[in-house]
Amino acid sequence: MNKKHDFIAVGFTIFAIFFGAGNLIFPPEIGINSGGNWFMALLGFFVSGIGLPLLGILAINKAGSLEKFGEKIGSKFTNIYTALILICLGPIVAIPRTGASTYEMGILPNIGNVISPWVFAVIFFGIALVLTLRPTKIVGYIGKVLTPIILVILAIIIIKGIFFTEHMFTQGTGNSFSYGFINGYQPMDALGAPLTAVIAINAIVALGYTKSSDKKSILKKASIVSSIGFVFVYGGLLFLGAALGGYFPQGISQTELTIGIAHMVLGDFGKIALGIAVAAACLTTAIGLTAMVGEFFSKLLKVKYEIIVTIICVASAVVSIAGIGSIIKLALPILMIFYPIQIILILFNVIGVESKLTYKITVYTTLVVSILDVLHTQFGVTALNGLFNFVPLASAGFAWVVPAVIAVGVSLLINILNRKSIDAAVDIVDAE
C-alpha cells in the first residue's frame, strides 16, 4: 500500500466516473448564455455541480453505507427512491447520453455519417458492456489510462483558449447564479454521488485498505482531488463559452458550441482532440454508471449481475438513438423533481440530523412542491400560476427552498412539544 499516492488514483477514478457528456457540453452553454455575468453563473454551477457531489460523497462517508443514507425516512422509500434515480442514471438519461454525445461530438464532426447511429450505438455499448463485466479492472482502465488523456486534452484547449485567443463576450442573461445552479443539475453528479462513493470505497478496499478510518481518510482526500479537477475543467469551459460566445450565433446547440470552441482554439486538431476526450470521458462514465446500476439491481432483484448490465447496455443503445437534444429535454423535469430531494438528504446526512420526523416532513414536502413546480414550469399548468406567484424564490427556480425550511421548523416544533409531553408524563409518574 502506498498511502501517499493511492488517494490520487482513487480521486481520478471518482473524477472519471462523474465526468461524462454533460460535464463537457453544459459549462460552455452556461458561459455563452451568462456572457459578462459569467462569474456569478460559475459560482452557481460550482455549488450544484461540484459542491453537492462532494457533499454527497462525504454524506455516505459519514452515514457509513448507502442503506443508511435515507433509512430515517423508511426502507421502502429508500429502495424506491434509489431505484428511480438509478433508472434515470441508467437506461433513461445518463448512460444513453454518453453514447449520443460521443456520436455527435466525436464521430460526426470528424468522419461524418459514415457510421450510422445504430451501428455506432452497438459498437459503443458493446465495448462498455465488455469492460463493465470486468469490474475489478475498472480502476485500472479509468484511473490510470483514460482520465489523464481527458485532462491533458482539455487542459490544452482551456489554456490556449484563455491566454492565446481573442475574447468576445456576449451580453448575457439575468439571474446568473440561479441559472448556473439549476443547470448544475444536468450532469446529474449529485444524484450519483452516494453510489459513486460506494464504488470508490470498494476500490479503496481492493487496494488493500480495510480499516474504517483509513477508508474514510482516503475517500475524503480522493474527493478533494476530484473536485480540484472539476474546478479547473468547469471553470475553463464555462469561461471559454462566455469569452468566445460572441463568435457564435444565438441558439447554437450545446454540442455545436463545444465543438466550435475546440475548432476555434486548435483548428481541425481541436475537433479531433475533443472527439478523443469525449469518447474517453463518455466511455468511462458509461462503464462506471452501468456497473453502479447493475450492482444495485442485481442485489435488489436477485438477478445475475451479468444479465442486468446486458439489459442496461441494450436499452441504453436504443435510447441513445434519439440524440442528445431529446435526452436533455427528457432529463430536465426529472432532475427538477429529484435534485431538491437529493439536496435535502445530502445536507441532513452531512449535518447529522437524527430526527426521523424531520426527514419525513421535509422530504415529502419538498417532493410535493417539486412535482407542482414541474407541472407549472415544464408542462404549463396555468392553474398553478396563482400559487407560485406567492412562493418566494419560485421565479429563480427555487420554489422548494422556503417550504423545505418551513417543514424543518414545523418538525422541530413538533419534536419539542412531544419531548415536553413525555417529560410532563415522566414528572407525573415520579410524583405518584
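Residues numbered from 1 in each chain as written. Predicted model: local features only at pLDDT ≥ 70, side-chain atom pairs only at ≥ 80, totals over all residues. Heavy atoms only, no water.

- Per an unreviewed UniProt entry, the protein goes by the name Branched-chain amino acid transport system carrier protein and belongs to Clostridium sardiniense.
- Under the heading Function (unreviewed entry), UniProt records this for the protein: "Component of the transport system for branched-chain amino acids."
- Here the protein is described in UniProt, under the heading Sequence similarities (unreviewed entry), as follows: "Belongs to the branched chain amino acid transporter family." (UniProt positions renumbered as here; feature names shortened; annotations may be inferred.)

**Section: the overall build of the protein**
Now for step 1: When helices and strands are tallied, the protein shows 18 helices and zero strands.
Now for step 2: For a compact globule of 432 residues, the expected C-alpha radius of gyration is about 22 Å, and the protein comes in at 23 Å, within 12% of that figure.
Now for step 3: Dimensions of the protein, computed from the C-alpha atoms along their principal axes, are close to 90 × 55 × 40 Å.
Now for step 4: Split into buried and exposed, the 432 residues of the protein put 53% on the buried side.
Now for step 5: The contacts of the protein with a sequence gap of at least 6 include a subset with a gap of at least 24, amounting to 83%.
Now for step 6: For the protein, the accessible area works out to roughly 18,800 Å², and carbon and sulfur atoms hold 68% of it.
Now for step 7: Across the protein, the centroid of the 25 positively charged side chains sits 8 Å from that of the 18 negatively charged ones. (Helix = DSSP H or I, 4+ residues; strand = E, 2+ residues; numbered from the N terminus. Rg over C-alpha atoms; globule rule 2.2 N^0.38 Å. Buried < 20%, exposed > 50% of the residue type's maximum accessible area, 1.4 Å probe, protein only. Contact = heavy atoms within 4.5 Å. Areas by Shrake-Rupley, 256 points an atom, 1.4 Å probe, with all protein chains shown as cover. Lys, Arg positive; Asp, Glu negative; His and termini not counted. Charge placed at Lys NZ, Arg CZ, Asp CG, Glu CD.)

**Details of the pattern of salt bridges**
Now for step 1: One pass over the structure, following the stated rule, counts one salt bridge.
Now for step 2: Between Glu 354 and Lys 72 there is a salt bridge, and its shortest N-O distance comes to 3.9 Å. Residue Glu 354 is located in the loop between helix H15 (324–351) and helix H16 (356–377), and its partner Lys 72 is located in the loop between helix H4 (66–69) and helix H5 (75–92); the two are separated by 282 residues in the primary sequence. (Salt bridge = Lys/Arg side-chain N within 4 Å of Asp/Glu carboxyl O.)

**Topic: the packing of aromatic side chains**
Now for step 1: Applying the stated rule across the entire model yields 19 aromatic pairs.
Now for step 2: For the pair Phe 15 and Phe 230, a centre-to-centre distance of 4.6 Å together with 35° between the ring planes defines the contact as tilted. Here Phe 15, found in helix H1 (residues 6–18), pairs with Phe 230, found in helix H11 (residues 212–243); they are 215 residues apart in sequence, far enough to count as distant. Side by side, Phe 15 and Phe 230 carry an identical accessibility label, which is buried.
Now for step 3: These aromatic residues form a ring-pair network of at least three members: Phe 15, Phe 18, Phe 45, Phe 230 and Tyr 234.
Now for step 4: The lysine or arginine in question, Lys 221, covers the ring of Phe 7, its NZ or CZ lying 5.8 Å from the ring centre. (Phe/Tyr/Trp six-rings, centres within 6.5 Å; stacked < 30°, edge-to-face > 60°. Lys NZ or Arg CZ within 6 Å of the ring centre and 35° of its normal.)

**Some details on the side chain of Thr 82**
Now for step 1: Relative to the helices and strands, Thr 82 resides in helix H5.
Now for step 2: From its side chain, Thr 82 meets the backbone oxygen of Thr 78 in a polar contact 2.7 Å long. (Polar contact = N/O pair within 3.5 Å; in protein donor to acceptor, adjacent residues only side chain to side chain.)

**What to know about the environment of Phe 348**
Now for step 1: Position of Phe 348 among the secondary structure elements: in helix H15.
Now for step 2: For Phe 348, a relative accessible area of 8% translates into the label buried.
Now for step 3: Excluding its chain neighbours within four sequence positions, the residues that come into contact with Phe 348 are Val 353, Thr 358, Tyr 359, Thr 362 and Val 408.

**With respect to H5**
Now for step 1: Over its 18 residues, H5 extends 24 Å from the first C-alpha to the last, a length consistent with the 26 Å expected when each residue adds 1.5 Å.
Now for step 2: Among the residues of H5, those classed as buried are Phe 77, Thr 78, Tyr 81, Thr 82, Ala 83, Ile 85, Leu 86, Cys 88, Leu 89, Gly 90 and Pro 91. (Expected span 1.5 Å × (residues − 1).)

**Concerning the state of the cysteines**
Note on terminology: a disulfide is the covalent bond linking the sulfur atoms of two cysteines.
Now for step 1: Under the defined criterion, the tally for this structure stands at zero disulfides.
Now for step 2: With no disulfide of its own, Cys 88 lies closest to Cys 313 among cysteine sulfurs, the gap being 17 Å.
Now for step 3: Given the relative accessible area of 5%, Cys 88 is considered buried.
Now for step 4: Note on Cys 313: no disulfide assigned, nearest cysteine sulfur contributed by Cys 282 at a separation of 14 Å. (Disulfide = S-S within 2.5 Å.)

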